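Letter by letter, the chains look like this.
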Amino acid sequence: MHFVQKLCHILLCLAVLVALPAHSTAEPPAYQTIRIGVANDRRPGSANDAIRLMASYNSSFLAEIAKITHWQYEYYHGTASDCLQRLREGQLDLIAPVSNAGFPPGEYLFSNGHSCAAILGLYTDENDMQITADRGATLDGATIGVLNSNDLKNRLQFFAKANGWNVRIRTYPSSDALTDGLHRGEVQLIACTVFNLTGHERWVTFVDTIPQQYMTDAAHSALMDQLNQAILSIEMTNPAFETRLKREYLDPSIYQMARYSEHQQAFIRTAPTVRVVFPGTFLSLIQQNREFGNIYGIAPDILTLLMNTTDITFQPVIADSADTAAQM
């Protein structure tokens, strides 16, 4: 009897398997469309070049995430408050790039790691037309507000010191408190990303690129779990990917944001010609035309690039020997 029962059980299992619809294990999973809110970040002039590089960095990382999650993306560009409202209403699934330092603890869910980036900038009230990054006197004694994050504070302190500014730094617990402090006059500037703004601030200057996060609400906790697993997978199995993205997008963006401090600009205006001596001629590197006396080669070309970039004038000189170069 036991044998008959066992045989019937096996036959029943086979019948169930036959009745199930056939699925190939090689069949790819269905694509899911993820709606992502991105705060508008547009400014006049060359600032947009750095902003576009940030956007390319973020979209490239999302494309890598899609290889694991099989997601497709639908982007919504609007103000920060608009994106937050749409997330609460279920019209968006994720918002980026943001930092958990800008929101009260426990209010939202944030991705692990830093799979997106943003530009940290200095802003003042839209009605304040006096403050400018090119004149340190307009910032002397000013207070700069920033979110309560050691990373943000350290970057801001380094930037202020590099520019020779005599400023104080005040921290705030959230984005709302930060902008409220600016418009109440508690601080004269704030250091933040475009996502922290209300639309009534005036951009003053770049500070740095900073790593950021994705954000969602509790209703999308399963989605955030998938995202975190994908980010971790990329970090563990393909660590060179982030390095390549930083080299391709973040490094050039920092170059686009570079500016001379007031002291550096003053030095350039008064700097004498910098004479650079080379101990002898070396083919390709540096050589001199005997007939016309002009110096050419790789080294003078590099000096020309430096002149075009810094506005400092360089004059190459060729010495007969290393001893002569040392004496010169």
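Sequence positions are assigned chain by chain, starting from 1 and proceeding in written order. Owing to the predicted nature of the model, reporting of local features is limited to residues with pLDDT of at least 70; listing and counting of side-chain atom pairs is limited to 80 or more, with chain, interface and lining totals taken over all residues. Side-chain measures were taken over the full set of non-hydrogen atoms in the model, leaving aside hydrogen atoms and water.

1. Things to note about the overall build of the chain
1) Next: The secondary structure content of the chain amounts to 10 helices and 13 strands.
2) Next: The long-range share in the chain, meaning contacts at least 24 apart out of those at least 6 apart in sequence, stands at 75%.
3) Next: Residue-level accessible areas treat just the shown protein chains as cover; the underlying method is Shrake-Rupley with a 1.4 Å probe. For the chain, the computed accessible surface area is about 19000 Å², with 55% contributed by carbon and sulfur atoms. Strands here are runs of E lasting at least two residues and helices are runs of H or I lasting at least four, both read from the DSSP assignment and numbered beginning at the N terminus. Any two residues having at least one pair of non-hydrogen atoms within 4.5 Å are treated as being in contact.

2. With respect to the confidence of the model for the chain
1) Next: The score called pLDDT rates the predictor's confidence residue by residue, from a low of 0 to a high of 100. Per-chain confidence: the chain averages 85 in pLDDT, with 87% of residues scoring 70 or above.
2) Next: Counting interchain partners and residues more than four positions distant, the pLDDT-below-50 stretch residues 10-29 has one contact.

3. Concerning the nonpolar core
1) Next: Residues belong to a common nonpolar core when they are buried Ala, Val, Leu, Ile, Met, Phe, Trp, Tyr or Cys residues joined through side-chain atoms within 4.5 Å. Only protein chains enter the accessibility calculation, which uses a 1.4 Å probe; a residue is then buried when its area is under 20% of its type maximum, exposed when over 50%, and partly exposed in between. By size, the foremost hydrophobic cluster in this structure holds 43 residues, and its most contacted members are Leu122, Phe195 and Met215.
2) Next: Secondary structure elements with two or more residues in this core: helix 3 (80-88), strand 3 (94-98), strand 5 (116-125), strand 6 (143-147), helix 4 (150-162), helix 5 (175-183), strand 8 (189-192) and strand 9 (201-216).
3) Next: With residues up to four places along the chain from it excluded, the contact list for Met215 reads Leu84, Leu87, Asp93, Leu94, Ile95, Val98, Phe103, Tyr108, Leu109, Phe110 and Met224.
4) Next: Listed in part, the 30 residues of the second largest apolar core include Ile34, Phe61, Trp71 and Leu227.

4. Regarding helix 6 (residues 221-237)
1) Next: Every helix has an expected span of 1.5 Å times one less than the residues it contains. The end-to-end C-alpha separation of helix 6 is 24 Å, in line with the 24 Å expected for 17 residues at 1.5 Å each.
2) Next: For helix 6, the set of buried residues is Leu223, Met224, Leu227, Asn228, Ala230, Ile231 and Ile234. All buried residues of helix 6 project into a common sector of 160° when viewed along the axis, lining one side. Seen from the buried face of helix 6, the exposed residues on the opposite side, beyond 90 degrees, are Ala222, Gln229, Met236 and Thr237. Think of the arc as the fan of directions from the helix axis to the C-beta atoms.

5. As for unusual backbone geometry
1) Next: Along the chain, Ala96 connects to Pro97 via a cis peptide bond; the corresponding omega equals -10°.
2) Next: Tracing the sequence through the fold places Pro97 in strand 3.

6. Regarding the packing of aromatic side chains
1) Next: Pairing of aromatic side chains here covers Phe, Tyr and the six-membered ring of Trp, requires ring centres within 6.5 Å, and sorts the geometry by plane angle: under 30 degrees stacked, over 60 edge-to-face, intermediate tilted. One pass over the structure, following the stated rule, counts seven aromatic pairs.
2) Next: Plain terms: the ring middles of Phe103 and Phe195 are 6.5 Å apart, the flat faces sit at 55° to each other, and that makes the pair tilted. Note that Phe103 is positioned in the loop between strand 3 and strand 4 (109-110) and Phe195 in the loop between strand 8 and strand 9, a separation of 92 residues in sequence. Across the pair, Phe195 and Phe103 agree in class, each one buried.
3) Next: For the pair Trp203 and Phe206, a centre-to-centre distance of 5.2 Å together with 65° between the ring planes defines the contact as edge-to-face.
4) Next: With a relative accessible area of 27%, Trp203 lands in the partly exposed category.
5) Next: Given a relative accessible area of 7%, Phe206 falls into the buried group.
6) Next: Cluster of aromatic residues (ring-pair linked, three or more members): Phe103, Tyr108, Phe110 and Phe195.

7. Observations regarding the environment of Tyr296
1) Next: Examined against the element boundaries, Tyr296 turns out to sit in strand 12 (residues 295-296).
2) Next: By relative accessible area, Tyr296 is classed as partly exposed at 36%.
3) Next: Through-space distance from the C-alpha of Tyr296 to that of Leu285 is 8.3 Å; in sequence the pair is 11 residues apart.
4) Next: Setting aside its immediate chain neighbours within four residues, Tyr296 contacts Leu285, Ile286, Gln287, Gln288 and Asn289.

8. Looking at the pairing of strand 7 (residues 168-172)
1) Next: Here five bridges tie strand 6 to strand 7, and the two strands are oriented parallel to one another. Bridging from a neighbouring strand, Thr143 pairs with Arg168 of strand 7.
2) Next: Handedness of the β-α-β unit built from strand 6, helix 4 and strand 7 comes out right-handed. DSSP bridges decide pairing: two strands pair if at least two such bridges lie between them. If the strands point away from the viewer and the path from the first strand over the helix to the second runs clockwise, then the crossover is right-handed.

9. Focus: the packing of helix 6 against helix 7 (residues 239-257)
1) Next: Helix 7 packs onto helix 6 with a crossing angle of 90° between their chain directions and a minimal axis gap of 4 Å. Overall, the two elements helix 6 and helix 7 adopt an arrangement that is roughly perpendicular. Of helix 7, the residues touching helix 6 (which contributes Ile234, Glu235, Met236 and Thr237) are Pro239, Phe241 and Glu242.
2) Next: Each residue is assigned to one class: nonpolar for Ala, Val, Leu, Ile, Met, Phe, Trp, Tyr, Cys and Pro, charged for Asp, Glu, Lys and Arg, and polar for all the others, Gly among them. Residues that form the contact of helix 6 with helix 7 fall into these classes: four nonpolar, one polar and two charged. Working convention: axes come from line fits to C-alpha atoms, limited for helices to the stretch in contact. Angles between N-to-C directions cover 0 to 180 degrees. Working rule for angles: under 35 degrees goes down as roughly parallel, over 145 as roughly antiparallel, 65 to 115 as roughly perpendicular, anything else as oblique.

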